[in-house]
Amino acid sequence: MGLKALPLEAMHSDMDIVTRLFGMPERVEVSTVARDDDSAAIEAVLGFDGALVRDSVSSLAPMAWGARVGYTATFSEGVLESVSTMSYDGRPAP
């Protein structure tokens, strides 16, 4: 599987978590882009009764860049945020 398929493959675990938390969405909007045979991105917006989920995954950055993953969950009483980085500091890795 090449980098072009990576965004869709990586997103499936996100969708598992979202649908276990909220059930099946009422609305779904999906956008994709492919730069070449080796890079692509996908973004999905899922609408639920009282909730909106946006998920995006990309392999468009140069290979020398690391990876950054995370989420932000906004609730009426606060915000929960999680970020994980792998060789990512906003600059290409040496």
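Quick look at the structure, then. The shown structure was predicted, so the numbers you read here are calculated from the model rather than taken from an experiment.

Side note on the overall build of the chain
Here is step 1: Secondary structure summary: the chain contains 1 helix and 5 strands in total.
Here is step 2: Taken from the N to the C terminus, the helices and strands of the chain come in the order α-β-β-β-β-β.
Here is step 3: Counting across all 94 residues of the chain, residues that qualify as buried make up 19%.
Here is step 4: Sequence-distant contacts, at least 24 apart, represent 37% of the contacts inside the chain between residues at least 6 apart.

Comments concerning the sheet that holds strand E1 (residues 27-36)
Here is step 1: Spatially, the 3 strands line up as an open sheet ordered E1-E2-E3, and their pairing is antiparallel. Here the strands that pair on one side only, and so sit at the sheet edges, are E1 and strand E3 (51-58). Put simply, the sheet's adjacent strands are angled 5° from each other on average, direction ignored.
Here is step 2: In this structure, E1 lies alongside strand E2 (residues 39-48), joined through 9 bridges in antiparallel fashion. Residue serine 31 lies in a different strand from E2, and its bridge partner there is glutamate 43.

Details of the pairing of E1
Here is step 1: Burial runs low along E1: only 0 of the 10 residues are buried.
Here is step 2: Taking the residues that link successive antiparallel strands as the turn, the E1-E2 hairpin has 2 residues.

What counts, and where the lines are drawn
- Residues numbered from 1 in each chain as written.
- Predicted model: local features only at pLDDT ≥ 70, side-chain atom pairs only at ≥ 80, totals over all residues.
- Heavy atoms only, no water.
- Helix = DSSP H or I, 4+ residues; strand = E, 2+ residues; numbered from the N terminus.
- Buried < 20%, exposed > 50% of the residue type's maximum accessible area, 1.4 Å probe, protein only.
- Contact = heavy atoms within 4.5 Å.
- Pairing = 2+ DSSP bridges.
- Axes fitted to C-alpha atoms, helices over the stretch in contact; angles between N-to-C directions.

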